[in-house]
Amino acid sequence: ANKHTNLPITQQVVAINQPSTINLYPFLMGNTKMEILILDDNIANTQLTSQILSKILNNYNIPSQIDILNDSRLAINKIIFNKYNIIFLDIKMPFISGIDILRQLKELEYMDGNPITRIFVSTALTDEVDTKEFENIVVLHKPVLYETFEKIILDYLAPESPTEPPFEGVYI
């Protein structure tokens, strides 16, 4: 049985003939490429995450820009003045914690006018994260698997419905 038979005929042809090509620019909020921010004080974590995401995006021919930020003090300006599709935010950082960054974004009503941006917060498996005051935040526990990153990217580009969150994670 062909796993693509439930797709409309044009998507079947694309899926069968070009399995590694996705052309879903309408889901990129008017950006010409997927824009991702990785915010973590650990340089090794940001470099590894960037390499994994770059490989996934390249495998699917998704044009992208990945920004890395290791200083949480610069986060709010970086987020507000850029149109990120996805933000990976570490919870435990010096100077300003990930939770405090989320609180500042909430105060600025950043998510109110920007419902397409998805924020994923990451923490160690043993850490408790209280994000109840925020909507549509997905908690990822480190280490995050390659397959999880791949699912995040693909679910963002092709959500089951535009009103549902595009990732089946732990929404709080």
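In this text the structure is predicted, and so the values were computed from the model without any measurement.

Visitor: Help me out: how do you make sense of the overall build of the protein chain in this one?
Guide: When its secondary structure is counted, the protein chain shows 5 helices and 5 strands. Ordered by position in the sequence, the α and β elements of the protein chain form the string α-β-α-β-α-β-α-β-β-α. Expressed as a percentage of the 172 residues in the protein chain, the buried residues total 42%. Excluding contacts between residues fewer than 6 apart, the proportion of contacts in the protein chain whose partners are at least 24 apart in sequence is 68%. Approximately 9900 Å² of the protein chain is accessible, and the part contributed by carbon and sulfur atoms is 53%.

Visitor: Would you take a moment to explain unusual backbone geometry for this structure?
Guide: Where the residue is not glycine, phi is negative for most of them; where a peptide bond is considered, it is trans in most cases. Of note in this structure, Asn-61 is not a glycine but carries a positive phi near 55 degrees. You can see Asn-61 is positioned in the loop between helix H2 (43–59) and strand E2 (64–69). For Phe-95, which is not glycine, the phi dihedral falls at a positive 75 degrees. The topology assignment puts Phe-95 in the loop between strand E3 (86–90) and helix H4 (98–107).

Visitor: Explanation requested: the confidence of the model for the protein chain in the structure shown.
Guide: Interpretation of this model should avoid reading the predicted coordinates in detail wherever pLDDT is low. Per-residue pLDDT for the protein chain has a mean of 74; in total, 63% of the residues score no lower than 70. Note on residues 1–26: pLDDT under 50 across the span, and 24 contacts to partners over four residues away in sequence or across chains. Counted against residues more than four places away or in other chains, residues 161–172, with its pLDDT under 50, gives 31 contacts.

Visitor: Looking at this structure, I do not really get the nonpolar core. What am I missing?
Guide: Burial of nonpolar side chains together is a common tendency in soluble globular proteins. Membership of the largest hydrophobic core comes to 22 residues, with the highest contact counts inside it found for Leu-89, Ile-101, Leu-102, Ile-119 and Val-121. Among the elements of the structure, strand E1 (34–39), helix H3 (75–80), E3, H4, strand E4 (118–124) and strand E5 (137–142) are those that each provide at least two residues to this core. No other element matches the 4 residues that H4 contributes to this core. Ignoring anything within four residues of it in the chain, the contact list for Leu-102 reads Leu-89, Ile-119, Val-121, Phe-134 and Ile-137.

Rules used throughout
- Residues numbered from 1 in each chain as written.
- Predicted model: local features only at pLDDT ≥ 70, side-chain atom pairs only at ≥ 80, totals over all residues.
- Heavy atoms only, no water.
- Helix = DSSP H or I, 4+ residues; strand = E, 2+ residues; numbered from the N terminus.
- Buried < 20%, exposed > 50% of the residue type's maximum accessible area, 1.4 Å probe, protein only.
- Contact = heavy atoms within 4.5 Å.
- Areas by Shrake-Rupley, 256 points an atom, 1.4 Å probe, with all protein chains shown as cover.
- pLDDT = per-residue confidence, 0-100.
- Core = buried A, V, L, I, M, F, W, Y, C linked by side-chain atoms within 4.5 Å.

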